[in-house]
Structures are given as structure tokens and as C-alpha cells.
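Reading the structure
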Amino acid sequence: MDENEQTKRKKPPACDYCKARRVICHAQSEGPCPRCVEKGVPCTTTALAARRRRRTKAEMQEERLKKANKTADSTLRTAGLETSQPNEGPTRHIEAPHFIPPSLSLSAELVAELIQIFHILPQSLHPIIPLDELEASLRLASWSLSSLPPQLRVLAQCIVTLASFFSTNAAIVGRGGCGPEVTSIALSKAPLKEPVVPDLREYGVRRKPVCYQLWTEALSLAHQQGITAHVSRENAACCWLLDFLECRFSGEGVSTYASAYNSHLRCLAETNDSAIPGDAEAASPGTSVLYRAYMMHDAVYAITSRRSIPFSHQDELLISGPCTTTLEQLLQEFSSDVSNKQLFLSMNAFASHTIRLARESSERLSGVYARRRTLDEVFLASHFASLDLMHSILLAERDRALWVVDNSTESHFIRSCAYALHISWGCLVLNLYDLLLDRVNNNLCDFDLGFTVHSAVPSATEYDPREWARLHFSRVRQMALRVAVGISEALKDVPCISRVTHLHFEELEKWAKLLLGESGTVVINRSDRSRALQCYRDALKIAGFSWANRSAGLVEIIDEHLAES
């Protein structure tokens, strides 16, 4: 059939009169349609506007990378870093091709420095990362990233990118680098006890173009090697690091690399890979604890970012093994005089229960299906009881962690674990507060938030959803305010800046905003509130050392608020 015959057979569009009445139009190629002739109305046809083609994810990624490259060019020249285009040649793509940016020529000295910086970051403890193997290969390659095998090359690029957010080198920060006082603070493993905390947010802004350039190169290399498709320990580590970086860059908590990482772990565990402890928990209990600790972090970050937890309960059992210790037993263990090793291993049970509560909250409260249903008050009561019990465990664990003074390295590690557990528990409370607040705002438009702590319990004989919602929100509000003050106290005893910088930075802003909205209640007095706001202001100043400030002047808002109070 030729093109003329196809054109003749194509039905003309319906006229405006028939479309307005939603009836079938027998449009004619020439002249009015029969219905318009019958009704005696003019037969007109308005041409349909051409629909805009929806851009693909690859096209949007390419556009974003092009804009980033333009922004980074001037900073790169100022920092003295040379750019070179990658060698042209055949490239194997698993998905749609990405734009490949110019790569940065990092000196051997800078690469070695960034690898050493990575050792002080919390991510370096992840057991999936073959850090010793990578360092040995880098030494043989004279610290040249391009001389590494493909998979280790991608892993090294991811590690260098993450470490660059904590570097004080002038090639990363620019403008002469950092002063000696800033360098000593950044690389210290001791808590920050200065009377006046320096404002380090300028360094986060200055390093952003170079760090973004390193990240785009890591994404391109990861895509070329197909790390999401080919299962290996190195690719699993790359997926986990890229998920962390992408969530921090976007601030949205959405990344496909999290699912790829957990898929790799599942496949490695099914093939009895030695990197995954699995059922051999007794042979490597420390590794099992670390895996579950990082799974706890991923689960808590997922629910606070309003996305699904990227792994199932069966994945958790397959990777870290079962955990039968109850919260009551855990409280008894933490309250007794146990050794530091026993204290560390007990954190496995705490992380397991944290993951369980995060999953239950996602399925029963924050999930898409749960948000369309009425509030499950029976589950909510059980959830409250578990959170209260975990708080008691944390108080006992924190007191126990403060006794570790004989060994500085051991003390630093135990205090780091205590800080991570406290922050994760606080995020569970914050998530519950946000969920109930959303229900109040969306379903009870005229809901009165001016209630007191001693509000009467609604009558059970006359069930009123509004009154029960008021009671539930009152309870979680009290808990959230107390947690906000508790988190600020934990920040005073933070093991080092890297923990503030790389763990739940977004939640610092949420806690500060929660306290700013409270002018003083019977739960917390004004002096405790002011001290807590000062801690969050200082923590935001420190966190800005690595990440460009996204808090929209929150530090200045807190300063103005404290000056007025």
C-alpha cells in the first residue's frame, strides 16, 4: 500500500460540535459532517496541540551533567586541576548511554591522601568494601586510578569522591585550602569541645563543583562497567556508596542503586560468598553486627525520606542471620556490667528491632496503602511501647559507653555506635511525628493543636476519631520534643565531625525546625529549648564543612530566635 492510499484511509478528526456533545462524528475529508448539516451549524475542526514528548531519564541526566560541567569549569581552573577527555573507543552500555564528562587528573599524592581520609569515615567500616585489596592494588599501580582493573577502578572513584567531601586539600577546597585550625578540627577523632564552634559552611560551598565533577565521573564509570547488572563484591560496594552519594546530592532520598546493592548481597549470600556472613553468624559475629547496623541506617533513612525499605525481612535473615533477643532481654543486658565486646554484640539485637519497627511503620503507617486506611490504633499503642522501651535501653547503653576510657580507639568505636543508635531511634520518633502531623493536617483541617499534656482521654463508649487523633498526636508530640533535646545532648558528645557530617544531616534541620515551632511547653522549658537550638545551630555549621548548605538560612534564623528570647 503506497502513501497516497494510507492518507485516503486515515479518518479525519472529529469536528468541534460533535466533540462538545461527545457523539460519534462522521467527518468528511472535504465539506461539513452530516450532523452539522442536519443541525444547520458551521462545521469547524480545531487542530489538536502537539503533545510535548516526555523526556527520558537518560536525557534529564545528560542535561543535568552538562549544566554541572559548565559550573565546574571555572572552579577547576582556579583549583589548578587539569581536565582531559576520556579515550574514544567502543563502550559497552547496559542501559541508555549517559553523557561522559571530562575526567579530573588527580595526582598520586592526592589519591593517597583521599584514601587515608576515607579510613576515618563511618562508611569505611562496611564489611562489603574490600578496602585492603583496593589499597594493595593502588600501591602496585603507583596510586594511579586509571591503572586499576575495571571494577576496582569504579570502586576507587566512588571512595575518592566520598572522601573529597572531607578533604582539606587546596585542590578540592580551592582558595588556598583550609587553615591549620580547621584542618586539626576536621581530622580529629576527639569530640568538639570548643566554646565557640567555627562556621565551616563556606568550605562546603567551595568544594561542591569539584566534588560534583568527581561524582559525575563515578556515575559514568559505573554505567560503563554495568555495576548494577554484574554481581560481585566490588560492584555491591559501588552501588552502596553511589546510593549514599546520590541521596546526599539530590536531597530526595530516592536512588535505584539501593535496590541493586541489596540484589547483589542476596546473590552473594545465595552463592555462599565469604563476604556475606549469612547463617555462619557464630563464625563472624562482628561482621554480622556491622551488616545489620548499616541495614538499620538504610531502613531508617528510607522511611524518613518517605520511600520503601529496599530490602525484605528475608534478605536481612539471609545476610545477617536471625536475632532472637527481645527488647526486654536487651534492656537487662545493657543494664548489667558487661564487657565492651558483649556491649558491641548486643547492638545487633537493637539494630534488628530498629529495622523491624521501621518496616512495621512503613507497612502500617507511612505506606501508600496504610495512608489510605484509618489509623491502626492497636498497632500504634504497641509501637509507642516499643519506642519507650528502646529509649530505656539507650539510656543504659549510653551510660555504659561513657565508662570506656581506658582505650581511646575502643572508646571512639563504642561511642560512635552509641551515637548511631541514638540518632536512628530518634528518626523513628520523628517519622511517627511527621506521619501523625500529616494525618492531622490532611484529614482534620480545623484540628485544634492548642491542647495540653494533661488532656482527658476520650470516652471508650463514645468513640470519636478526632479526639483519639488528638490524644495520639499529643503523646507523640511530647515524645518528639524530649527526643529533640536528647539528640542535642548526644551531639555534644559526638565522637568526631565525620559522624555529624555523614549521618542523617537532613534530620538535624527537622529537629531544629520542630524546636523553633515551640515557644515553651510543660514538656521542655525555655532554657533547655535554647540550649538544644544552640547545639543544632553548631551542628549545622559543622555539617556545612562537607555539604553545601541546603537549610535556607536556618542557622541565621536560629541566631535571630535566640537573640529575641
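Reading the values: the criteria
- Residues numbered from 1 in each chain as written.
- Predicted model: local features only at pLDDT ≥ 70, side-chain atom pairs only at ≥ 80, totals over all residues.
- Heavy atoms only, no water.
- Helix = DSSP H or I, 4+ residues; strand = E, 2+ residues; numbered from the N terminus.
- Buried < 20%, exposed > 50% of the residue type's maximum accessible area, 1.4 Å probe, protein only.
- Contact = heavy atoms within 4.5 Å.
- Areas by Shrake-Rupley, 256 points an atom, 1.4 Å probe, with all protein chains shown as cover.
- UniProt positions renumbered as here; feature names shortened; annotations may be inferred.
- Axes fitted to C-alpha atoms, helices over the stretch in contact; angles between N-to-C directions.
- Parallel < 35°, antiparallel > 145°, perpendicular 65-115°, else oblique.
- Left-handed = near helix turned anticlockwise from the far one by under 90°.
- Nonpolar A, V, L, I, M, F, W, Y, C, P; charged D, E, K, R; others polar.
- Core = buried A, V, L, I, M, F, W, Y, C linked by side-chain atoms within 4.5 Å.
- Expected span 1.5 Å × (residues − 1).
- Salt bridge = Lys/Arg side-chain N within 4 Å of Asp/Glu carboxyl O.
- Phe/Tyr/Trp six-rings, centres within 6.5 Å; stacked < 30°, edge-to-face > 60°.
- Lys NZ or Arg CZ within 6 Å of the ring centre and 35° of its normal.
- Disulfide = S-S within 2.5 Å.
- pLDDT = per-residue confidence, 0-100.

Take the overall build of the protein next. Along the backbone of the protein there are 24 helices and two strands. Expressed as a percentage of its 565 residues, the buried residues of the protein come to 51%. Excluding contacts between residues fewer than 6 apart, the proportion of contacts in the protein whose partners are at least 24 apart in sequence is 75%. Carbon and sulfur atoms make up 51% of the accessible area of the protein, which amounts to about 27,700 Å² in all.

Time to look at the UniProt feature "domain: Zn(2)-C6 fungal-type" (unreviewed entry) in the protein. According to UniProt, the positions carrying the feature "domain: Zn(2)-C6 fungal-type" (unreviewed entry) are residues 14-45. Note that residues 14-45 is 38% helix and 0% strand, and that its end C-alpha atoms are spaced 7 Å apart.

On to the packing of helix α7 (residues 150-164) against helix α10 (residues 201-225), then. Where α7 meets α10, the closest approach of the two axes is 9 Å, and the angle between their N-to-C directions is 160°. When the axis of α7 is compared with that of α10, the two are roughly antiparallel. Judged by the twist between their axes, the crossing of α7 over α10 is left-handed. Contact residues: P150, R153, V154, Q157, C158, V160, T161 and S164 in α7; R207, C211, L214, W215, E217, A218, L221, A222 and Q225 in α10. Tallied by class, the residues present in the contact of α7 with α10 amount to ten nonpolar, four polar and three charged.

Quick look at the nonpolar core now. Within the largest apolar cluster, 142 residues are counted, with the highest numbers of intra-cluster contacts made by I128, I129, L134, I159, L242, W511 and Y536. I128 has contacts with R233, A236, A237, Y261, L265, L268, A275, I276 and Y291, leaving out every residue within four places of it along the chain.

A few words now on unusual backbone geometry. The phi dihedral of S142 falls on the positive side, at around 55°, and the residue is not glycine. Here S142 lies in the loop between α6 (131-140) and α7.

Topologically, P285 is positioned in helix α13 (residues 285-304). We classify P285 as partly exposed; its relative accessible area is 31%. Sequence separation between P285 and N348 is 63 residues; the distance between their C-alpha atoms is 9.0 Å.

The next subject is α7. For α7, built from 15 residues, the straight-helix expectation of 21 Å at 1.5 Å per residue is met to within 8% by its first-to-last C-alpha distance of 21 Å. Within α7, 13 of the 15 residues are buried, leaving the element largely enclosed by the surrounding structure.

Proximity of charged atoms lets side chains of opposite charge pair with each other. Scanning the entire structure with this criterion turns up 14 salt bridges. Residue R364 pairs with D376 through a salt bridge whose shortest N-O separation is 2.6 Å. With R364 in helix α16 (residues 340-366) and D376 in the loop between α17 (368-371) and α18 (377-401), the pair connects residues that are twelve residues apart, well separated along the chain. The partly exposed category is assigned to R364, whose relative accessible area is 39%. Because the salt bridges share partners, they merge into one network encompassing D199, R201 and E556.

Quick look at the packing of α6 against α7 now. Contact geometry for α6 and α7: axes closest at 11 Å, N-to-C directions at 105°. With respect to each other, α6 and α7 are oriented roughly perpendicular. Touching L131, E133, L134 and S137 of α6 are L152, L155, A156 and I159, all from α7. A per-class count over the contact of α6 with α7 returns six nonpolar, one polar and one charged.

Applying the stated criterion across every chain, the model contains five aromatic pairs. Taken together, the ring pairs in this structure connect F166, Y203 and F545 into an aromatic cluster. One residue, R207, lies across the ring of F545, its end atom 4.8 Å from the ring centre.

Another aspect to go through is the side chain of S361. Mapped onto the fold, S361 is located in helix α16. Assessed through its relative accessible area of 2%, S361 is described here as buried. If sequence neighbours within four positions are ignored, S361 has contacts with S366, G367, F379, H383, N431 and L435.

Take the state of the cysteines next. One pass over the structure, following the stated rule, counts zero disulfides. The closest cysteine sulfur to the non-disulfide-bonded C18 is located on C15, 3.5 Å from its own sulfur. Under the relative-accessibility criterion, C18 is labelled buried at 0%.

With that out of the way, let us pick up helix α12 (residues 257-270). The terminal C-alpha atoms of α12, which comprises 14 residues, lie 20 Å apart, in line with the 20 Å expected from a rise of 1.5 Å per residue. Residues of α12 that are buried include every one of Y257, A258, A260, Y261, N262, H264, L265, L268 and A269, and no others. A positive backbone phi angle near 60° is found at N272, which sits one or two residues after α12.

Next up on the list: the confidence of the model for the protein. Predicted confidence across the protein gives a mean pLDDT of 76, with 71% of residues reaching 70 or more. Confidence over residues 71-101 falls short of pLDDT 50; this stretch has 58 contacts with residues more than four positions distant or in other chains. Every residue in residues 444-457 is under pLDDT 50, and counting partners more than four places away or in other chains gives 25 contacts.

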